[in-house]
Amino acid sequence: MDSTPSTPGKFKMEKGSYFHRSRWHTSLAKLTFWSFVFLGIMFIFFFRTPSIPSPSSLPAADPSRRSLRTYNNGGVAWEKRVRSSARIRSPNGVSVLVTGAAGFVGTHVSAALKRRGDGVLGLDNFNNYYDPSLKRARQALLERTGVFIVEGDINDVELVKKLFKIVTFTHVIHLAAQAGVRYAMENPGSYVHSNIAGFVNLLEVCKSINPQPAIVWASSSSVYGLNTKVPFSERDRTDQPASLYAATKKAGEEIAHTYNHIYGLSLTGLRFFTVYGPWGRPDMAYFFFTRDILKGKSIPIFEAANHGTVARDFTYIDDIVRGCLGALDTVEKSTGSGGKKTGPAQLRVFNLGNTSPVPVSELVNILERLLKVKAERNIMKLPRNGDVQFTHANISYAQTEFGYKPKTDLQSGLKKFVQWYINYYSDGKKANQ
Ligand SMILES: O=C(O)[C@H]1O[C@H](OP(=O)(O)OP(=O)(O)OC[C@H]2O[C@@H](n3ccc(=O)[nH]c3=O)[C@H](O)[C@@H]2O)[C@H](O)[C@@H](O)[C@@H]1O
């Protein structure tokens, strides 16, 4: 297993000094020392012995605190765990591999699939782009529902092949990606590694599997780039990305076209519009604004030239999950066999937004009301590092195809986020990002 995160992280762990060093001069101290050594060996032995805990047998305590059992990728117990997680439990269920399952959207989608009886197996490299303890807490949450996340990278072709050997996945929901618009200037390589190379590697495996799975994957509203026609429709131009992140997502859409054309893979891309909510990503504005407002730190609020409004079509996570499931439920089968196309296959791209853009300044107003704290606003010129001035989704295509209809306005969605945030971080966890 490749245990090295594919994304050189920006998250720095704070090192706490939990142990106080002392010298021992008495035999009592020696006895205590050797007792600890013995207990330590027993502890290691216990955690290296694989077994399959049933979700109901796990304590209902705070999931992030429970030590998670890790498995080497391989071995009888690991394979059993993989199979059990991917087992379909409802008559019309499907079997889904979810990449990026410890991510924000991945966690919610995996839980929703599992709830309705689908077989779900997660795959995630747990990189440290943002606080990995949040990813571990999401993993623990999924474990309680019976979803196992294999720890590995989509670039590890042998591992992905192995998963397909163990389970006949009917579908893949591919959400593993290097996210974030502005970070692309700091670490461009990580975007190429995950969003381009990783996607190609995954498709390479999918195209040669028999039967081929259908794939639903995360594109981004950022592909509209400098497009000024609003609301953004899937037919609008997407050839002017404003960030490398957007360019890699656009490249993903073109790569999807190629694999659909040559190999008959059924591919559905979802252009997510600034998704927010509980268990969200700490690198996103609504998340770190909340943290910094509570800390009394000033927050940078971008505005365009001539005091122009910067706005986003913020979309609540539950609406996005419904969109993902709708897309999944309307996919057609891939048509390839033995790596060869036998007929034309489905190729789709949908906007999943809220159709109601809100200025960033209004986002801050809402947070102030919910947190009952005045924000210290630092109004800044929109930096030239990839941000676009506004986004606004036309969702009529998704509405027609699978009845997509967002239900959550920003005020109600942020209320749920703030409740989660306060609850999650009141527990002694540090909101460092
Ligand atoms: O929908 C999308 O396509 C994208 O949405 C977000 O990207 P973004 O909309 O830029 O989300 P944030 O980084 O949370 O920014 C939200 C708004 O706050 C503004 N902002 C951000 C940061 C900051 O310090 N100040 C500030 O005013 C941004 O300009 C933007 O208008 C995600 O980070 C991307 O991964 C995703 O693909």
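Residues numbered from 1 in each chain as written. Predicted model: local features only at pLDDT ≥ 70, side-chain atom pairs only at ≥ 80, totals over all residues.

## Here we look at the overall build of the chain
Scanning the chain from terminus to terminus reveals 12 helices and 15 strands. Expressed as a percentage of the 433 residues in the chain, the buried residues total 42%. Sequence-distant contacts, at least 24 apart, represent 82% of the contacts inside the chain between residues at least 6 apart. (Helix = DSSP H or I, 4+ residues; strand = E, 2+ residues; numbered from the N terminus. Buried ≥ 20, exposed ≤ 12 C-beta atoms within 10 Å, placed from the backbone. Contact = placed C-beta atoms within 7 Å.)

## Focus: the site of the ligand
If you check the shell around the ligand, you find 18 residues, and the closest are Ala179, Ser220, Met284, Ala285 and Phe302. Among the elements that take part in the shell around the ligand, strand E8 (residues 298-303) stands out by supplying three residues, more than any other. Tallied by class, residues from the shell around the ligand come to 11 nonpolar, five polar and two charged. (Near = placed C-beta within 6 Å. Nonpolar A, V, L, I, M, F, W, Y, C, P; charged D, E, K, R; others polar.)

## Overview of the nonpolar core
Counting 97 residues, the largest nonpolar core has Val96, Ile173, Val216 and Cys324 as its most contacted members. At seven residues, helix H7 (residues 244-263) tops the list of elements feeding residues into this core. With near-sequence residues (within four places) excluded, isoleucine 173 lies in contact with Val96, Val98, Val109, Val216, Cys324 and Leu328. (Core = buried A, V, L, I, M, F, W, Y, C linked by C-beta atoms within 7 Å.)

## Examining unusual backbone geometry
A cis amide bond, omega -5 degrees, links asparagine 210 with the succeeding residue proline 211. Among the structural elements, proline 211 can be located in the loop between helix H6 (188-208) and strand E5 (214-220). Residue proline 231 is bonded to the preceding valine 230 through a cis peptide linkage, with omega at -15 degrees. Along the chain, the position of proline 231 falls in the loop between E5 and H7. We note that threonine 274 has phi near 35 degrees; this positive angle belongs to a residue other than glycine. One can find threonine 274 in the loop between strand E6 (267-272) and strand E7 (275-276).

## Let's talk about the UniProt feature "domain: NAD-dependent epimerase/dehydratase" (unreviewed entry) in the chain
The feature "domain: NAD-dependent epimerase/dehydratase" (unreviewed entry), as annotated in UniProt, sits at residues 96-333 in this numbering. For the annotated span residues 96-333, helix accounts for 42% and strand for 18% of the residues, and the straight-line distance between the end C-alpha atoms is 14 Å. (UniProt positions renumbered as here; feature names shortened; annotations may be inferred.)

## Let's talk about helix H12 (residues 410-425)
Spanning 16 residues, H12 covers 22 Å between terminal C-alpha atoms, matching the ideal 22 Å at 1.5 Å per step. For H12, the full list of buried residues reads Leu410, Gly413, Leu414, Phe417 and Tyr421. One side of H12 carries all its buried residues, which in axial view fall inside an arc of 90 degrees. Those residues of H12 that are exposed and angled more than 90 degrees off the buried face are Ser412, Gln419 and Asn423. Packing partners of the buried residues in H12 comprise E7, helix H8 (285-295), strand E10 (315-316), strand E14 (358-359) and helix H10 (360-371). (Expected span 1.5 Å × (residues − 1). Arc of directions from axis to C-beta.)

## Focus on the packing of H8 against H10
Running from N to C, H8 and H10 cross one another at 45 degrees; their axes reach a closest spacing of 10 Å. As summarised for this structure, H8 and H10 are arranged oblique, according to the angle between their axes. The crossing of H8 and H10 is right-handed. Residues Ala285, Tyr286, Phe289, Thr290, Ile293 and Leu294 of H8 touch H10, and the partners they reach there are Val360, Leu363, Val364, Leu367, Glu368 and Leu371. Partitioned by chemical class, the residues of the contact of H8 with H10 number 10 nonpolar, one polar and one charged. (Axes fitted to C-alpha atoms, helices over the stretch in contact; angles between N-to-C directions. Parallel < 35°, antiparallel > 145°, perpendicular 65-115°, else oblique. Left-handed = near helix turned anticlockwise from the far one by under 90°.)

## Focus on the sheet that holds strand E1 (residues 95-99)
To summarise the sheet geometry, strands pair through backbone hydrogen bonds and adopt either a parallel or an antiparallel arrangement. One open sheet accounts for seven strands, arranged E3-E2-E1-E4-E5-E6-E13; its pairing is parallel. With partners counted over all chains shown, the strands left at the sheet margins are strand E3 (148-151) and strand E13 (347-352), one partner each. For this sheet the average axis-to-axis angle between neighbouring strands, irrespective of direction, equals 20 degrees. Bridge analysis of E1 against strand E4 (residues 171-174) gives four bridges, and the strand direction is parallel. When the sheet's bridge partners are listed, leucine 97 is paired in E4 with valine 172. (Pairing = 2+ DSSP bridges.)

## Overview of the environment of alanine 242
One can find alanine 242 in the loop between E5 and H7. Alanine 242 sits 18 residues away from tyrosine 224 along the chain, and the two C-alpha atoms are 8.6 Å apart. If we skip the residues at most four places from it in the chain, alanine 242 touches Gly225, Leu226, Gly386 and Val388.

## Section: helix H4 (residues 132-145)
Relative to the 20 Å expected for 14 residues at 1.5 Å per residue, H4 spans 20 Å between its end C-alpha atoms, a close match to the ideal helical length. Of the surrounding secondary structure, the elements contacted by the buried residues of H4 are helix H3 (104-115), strand E2 (119-124) and E3. Among the residues trailing H4, glycine 146 stands out with phi positive, at a value near 95 degrees.

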